[in-house]
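Single-letter residue listing:
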Amino acid sequence: MSLDKKDLERRMDGALASLQSDLQGLRTGRASVNLLDSVMVPAYGSDMPLSQVGSVSVLDARTIAVNIWDKSVVGAADKAVREAGLGLNPVTDGTTLRIPIPVLNEERRVELTKVAGKYAEAARVAIRNVRRDGMDQLKKAEKDGEISEDKARGLSDDVQKMTDTHIARVDEMVKNKEAEIMQV
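One structure accompanies this document, and this report is about it.

## Side note on the overall build of the chain
When its secondary structure is counted, the chain shows four helices and six strands. Secondary structure elements of the chain, listed N to C terminal, follow the sequence α-β-β-β-β-α-β-β-α-α. Radius of gyration (C-alpha) of the chain: 22 Å, far over the 16 Å computed for a compact globule of 184 residues. Along the longest, intermediate and shortest principal axes, the C-alpha atoms of the chain span 70 × 40 × 20 Å. Within the chain, the fraction of its 184 residues that count as buried is 36%. When the accessible area of the chain is evaluated, it comes to approximately 10,400 Å², of which 49% is carbon and sulfur surface. For the chain, the centre of its 28 positive side-chain charges and the centre of its 30 negative side-chain charges are spaced 2 Å apart.

Structure below.
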């Protein structure tokens, strides 16, 4: 039983991908189709993502359009967008929802940077948990005599370098997102 560095890296990359997805859902004052990824619409007996009941597109820098395929779902989609906690108020036009993106005020921008920080901390914790698992595997392998103390030390240094690299990428992603949010 040796350390599987590829598996550790894959798990750390998964934490980065999750952070990227979370950050894309944060509103920056610019229209983005990813903004509505978290909106769930009660339709056909279950909650469905908005993208599965209509096509989502960006009309201009401040407007998102959602063309709902089934007329009976328009009201539920409108309500779901309003209640999603994104601060958006759609305008219904037949089977199309036009969603204007309001300009963010300073208070809301600061709030969103704090949310981005929470997402980043969750990603850092996930990466550190992967690191801990890797270190535990190394200690067990060393204790069972599968690898030497020197080899374990070298591998633990590799795991730590991998962790440091991934945490630096988290910090960079969040710094960029915070700059994007604070941009007027």
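## Considering unusual backbone geometry
At Tyr44, a position not held by glycine, the phi torsion is positive, near 55°. Position of Tyr44 relative to the elements: it lies in the loop between β1 (40–43) and β2 (46–49). With relative accessibility at 55%, the residue Tyr44 sits in the exposed group.

## A word on the sheet that holds strand β4 (residues 63–68)
Taken together, four strands build an open sheet; the order of strands is β3-β4-β6-β5 and the sheet is antiparallel. What marks the edges here is a single partner per strand, and that holds for β3 (54–60) and β5 (91–93). For this sheet, the mean angle separating the axes of adjacent strands, direction not counted, is 25°. Where β5 and strand β6 (residues 96–100) come together, three bridges link them in antiparallel fashion. Residue pairing in the sheet places Val91 in a bridge with Arg98 of β6. Lying over the sheet, helix α2 (residues 74–82) contacts β4, β5 and β6, oriented at roughly 15° with respect to β6.

## Digging into the environment of Thr92
Among the structural elements, Thr92 can be located in strand β5. Reaching out from Thr92, the side chain makes a polar contact with the side chain of Asp78 at a distance of 3.0 Å.

## Side note on the nonpolar core
Side chains of nonpolar character tend, in soluble globular proteins, to be buried together. Residues Leu19, Leu23, Leu138 and Val170 are the most contacted members of the largest nonpolar core, which totals 28 residues. Looking at this core, the elements with two or more residues in it are α1 (5–24), α3 (106–143) and α4 (149–182). In this view, Leu23 contacts Ala116, Tyr119, Met173, Val174 and Lys177; residues no more than four positions away in its chain are not counted. In this structure, Leu36, Ile68, Ala77 and Ala80 belong to the second largest nonpolar core, which totals 22 residues.

## Notes on the pattern of salt bridges
The final tally for this structure, using the stated rule, is 14 salt bridges. We note a salt bridge from Lys5 to Asp158, for which the minimum N-O separation is 3.0 Å. Taken as a pair, Lys5 in helix α1 and Asp158 in helix α4 lie far apart in primary sequence, 153 residues in all. Look at Lys5 and you get partly exposed, because its relative accessible area is 33%. Using a relative accessible area of 29% as the deciding quantity, one classes Asp158 as partly exposed. One salt bridge connects Glu111 with Arg108, and the closest N-O pair in it is separated by 3.0 Å. Taken as a pair, Glu111 and Arg108 lie in helix α3 at a separation of three residues, close to a single helical turn. Within the structure, one salt-bridge network assembled from shared partners comprises Asp7, Arg10, Arg11, Arg132 and Asp133.

What counts as what
- Residues numbered from 1 in each chain as written.
- Predicted model: local features only at pLDDT ≥ 70, side-chain atom pairs only at ≥ 80, totals over all residues.
- Heavy atoms only, no water.
- Helix = DSSP H or I, 4+ residues; strand = E, 2+ residues; numbered from the N terminus.
- Rg over C-alpha atoms; globule rule 2.2 N^0.38 Å.
- Buried < 20%, exposed > 50% of the residue type's maximum accessible area, 1.4 Å probe, protein only.
- Areas by Shrake-Rupley, 256 points an atom, 1.4 Å probe, with all protein chains shown as cover.
- Lys, Arg positive; Asp, Glu negative; His and termini not counted.
- Charge placed at Lys NZ, Arg CZ, Asp CG, Glu CD.
- Pairing = 2+ DSSP bridges.
- Axes fitted to C-alpha atoms, helices over the stretch in contact; angles between N-to-C directions.
- Contact = heavy atoms within 4.5 Å.
- Polar contact = N/O pair within 3.5 Å; in protein donor to acceptor, adjacent residues only side chain to side chain.
- Core = buried A, V, L, I, M, F, W, Y, C linked by side-chain atoms within 4.5 Å.
- Salt bridge = Lys/Arg side-chain N within 4 Å of Asp/Glu carboxyl O.

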